[in-house]
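Remarks on the overall topology
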Amino acid sequence: MNDLKTCIEENKHLINKHLDEYLEIRYPDIIWESMRYTVLLDGKRLRPLLVLETVKACGGKIENAIPTACAIEMLHAQSLIHDDLPCMDNDDLRRGKLTNHKVFGEAIATLAGDALLSFAPQVIIQKTPTAVKNEIILKILEEFLITAGALSLIGGQVVDIQSENKKIDKETLNYIHSHKTGDLIRFSTRAGAIFAEAPENIVKVFDEFGRLIGYAFQIADDILDIISSADELGKTTGKDEKSQKSTYPKLYGLENSITEVKNLCKQAKNVLINNNIATPVLIQLTENIMIKSEKDKK
Ligand code: GRG
């Protein structure tokens, strides 16, 4: 089954089923309701899809990686909840609905993000099949915690916030993109290869593939912020310009940004093809990032 749309829908169904189960409501109900709210809203589930497709590409069993794929989606949802808070991007709309703090208030939304962050590693530990070696679980946990921390997502977000209303150089922009967005995508492809017990050189190939599409994904996201409507994206658009964010299109212009997305995606495809580990879904996913950034030309 190679059609990307079908694959995305099947993956969504599988991941949502497990997220719903893991996030059953306990006492106090309000925190679980708030956690569930953003996690279960209609997102693309791109990161879980990358985990599971990489497992398949490496010949592993997807059931071993489902808890980690869900934990990554929880971490992603946590970053969205906190990113939308008034003290950060101050947004009202996410995944086509009101943001978490608009529904539950700032205190519960902040705590829901915190709770997701500490619940996700518990899911990895408690729900990964016992057949998976402890050393793999430990490696995944280490990489999860690094990705969630100051060396990665938080570091990227901090530099992003500090760069508002400032002219920044290419290195700083690179730091923001690769840490704020790229690292979670990179961890998703790495995790897939690690669960499939792929040899170190193949883990490195998926690391590079994840790095390239992660970078392209953030540039494409910034392009879409300029060329799309809120209805199409399910989140407020034109925000980067309003808050004087340092983005690739701002620094290099729209046309150069589209060219850069194309170059990165071509490189990403070549990394898979040259190492004989390309699958139709991974290739189509990469092409999809490219196509999205070109939307304005149609
Ligand atoms: C990890 C403790 C901790 C804090 C997070 C707030 C923060 C620090 C980082 C912000 C990270 C962020 C929101 C980056 C933007 C990434 C991005 C392009 C999101 C959109 O992803 P999609 O398009 O969204 O996959 P859906 O809704 O489809 O999942």
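Residues numbered from 1 in each chain as written. Predicted model: local features only at pLDDT ≥ 70, side-chain atom pairs only at ≥ 80, totals over all residues. Heavy atoms only, no water.

**Topic: the nonpolar core**
In terms of nonpolar packing, the biggest core is built from 82 residues, with Met35, Met74 and Phe209 touching the most fellow members. Of the residues forming this core, the biggest block, 13 residues, is contributed by helix H10 (residues 200-227). When sequence neighbours within four positions are dropped, the list of residues in contact with Phe209 reads Leu50, Thr189, Ala268, Val271, Leu272, Leu282 and Thr286. (Core = buried A, V, L, I, M, F, W, Y, C linked by side-chain atoms within 4.5 Å. Buried < 20%, exposed > 50% of the residue type's maximum accessible area, 1.4 Å probe, protein only. Helix = DSSP H or I, 4+ residues; strand = E, 2+ residues; numbered from the N terminus. Contact = heavy atoms within 4.5 Å.)

**A word on helix H1 (residues 4-22)**
In this model H1 runs 27 Å from its N-terminal to its C-terminal C-alpha over 19 residues, within 8% of the 27 Å that 1.5 Å per residue would give. All buried positions along H1 are accounted for by Leu4, Cys7, Asn11, Lys12, Ile15, His18, Leu19 and Tyr22. The arc that holds every buried residue of H1, seen down its axis, measures 145°, which confines them to one face. Exposed and facing more than 90 degrees away from the buried side of H1 are Lys5 and His13. (Expected span 1.5 Å × (residues − 1). Arc of directions from axis to C-beta.)

**What to know about the site of the ligand**
Lys44, Arg47, His76, Arg95 and Gln157 are the nearest of the 19 residues found near the ligand. Between Arg47 and the ligand, the recorded distance is 2.8 Å, taken from a side-chain N or O atom to an oxygen atom. Interatomic distance of 2.8 Å between a side-chain N/O atom of Arg95 and an oxygen atom of the ligand. Relative to its unbound accessible surface of 750 Å², the ligand loses 92% to contact with the protein. If you list the elements that add at least two residues to the shell around the ligand, you get helix H4 (62-84), helix H8 (153-162), helix H9 (170-195) and H10. In terms of residue class, the shell around the ligand is made up of six nonpolar, seven polar and six charged. (Near = heavy atom within 4 Å. Polar contact = N/O pair within 3.5 Å; in protein donor to acceptor, adjacent residues only side chain to side chain. Areas by Shrake-Rupley, 256 points an atom, 1.4 Å probe, with all protein chains shown as cover. Nonpolar A, V, L, I, M, F, W, Y, C, P; charged D, E, K, R; others polar.)

**Observations concerning the pattern of salt bridges**
Within the structure shown, the criterion is met by 21 salt bridges. Measuring nitrogen to oxygen at the nearest pair gives 2.5 Å for the salt bridge that ties Asp20 to Arg36. Of this pair, Asp20 sits in helix H1 while Arg36 sits in helix H2 (residues 29-40), placing them 16 residues apart in sequence. When its relative accessible area of 38% is taken as the criterion, Asp20 is described as partly exposed. Residue Arg94 pairs with Asp84 through a salt bridge whose shortest N-O separation is 2.9 Å. Within this pair, whereas Arg94 is found in strand S1 (residues 93-94), its partner Asp84 is found in helix H4, the two being separated by 10 residues in sequence. We classify Asp84 as buried; its relative accessible area is 3%. Connected via shared salt-bridge partners are Lys139, Glu143, Asp183, Arg186, Arg190 and Asp207. (Salt bridge = Lys/Arg side-chain N within 4 Å of Asp/Glu carboxyl O.)

**Re the packing of aromatic side chains**
Inspection of every chain in the model, using the stated rule, returns five aromatic pairs. Geometrically, the ring pair formed by Tyr37 and Phe104 is edge-to-face, given 5.6 Å between the ring centres and 70° between the ring planes. Of this pair, Tyr37 sits in helix H2 while Phe104 sits in helix H5 (residues 100-104), and the two are 67 residues apart along the sequence. Relative to Phe209, the ring of Phe206 lies with its centre 6.4 Å away and its plane at 90°, an arrangement referred to as edge-to-face. In this pair, Phe206 and Phe209 are both assigned in helix H10, three residues apart and thus about one turn of the helix distant. (Phe/Tyr/Trp six-rings, centres within 6.5 Å; stacked < 30°, edge-to-face > 60°.)

**Section: the environment of Pro249**
Examined against the element boundaries, Pro249 turns out to sit in helix H13 (residues 248-252). Residue Pro249 is classed as buried on the basis of its relative accessible area, which comes to 7%. Separated by 29 residues in sequence, Pro249 and Ala220 have C-alpha atoms that sit 9.4 Å apart. Excluding residues within four positions of it along the chain, Pro249 makes contact with Asp222, Ile223, Ile226, Leu254 and Ser257.

**Quick word on the packing of helix H3 (residues 46-57) against H9**
When two helices pack together, you describe them by how their axes are tilted relative to each other and by the distance separating the axes. One can describe the packing of H3 onto H9 by two numbers: an axis separation of 7 Å at closest approach and a directional angle of 30°. Accordingly, the angle class assigned to the pair H3 and H9 is roughly parallel. The way H3 lies across H9 gives a crossing that is right-handed. From H3, Leu46, Arg47, Leu50, Val51, Thr54 and Val55 reach across to H9, where they touch Leu184, Ile185, Ser188, Thr189, Gly192, Ala193 and Phe195. A per-class count over the contact of H3 with H9 returns eight nonpolar, four polar and one charged. (Axes fitted to C-alpha atoms, helices over the stretch in contact; angles between N-to-C directions. Parallel < 35°, antiparallel > 145°, perpendicular 65-115°, else oblique. Left-handed = near helix turned anticlockwise from the far one by under 90°.)

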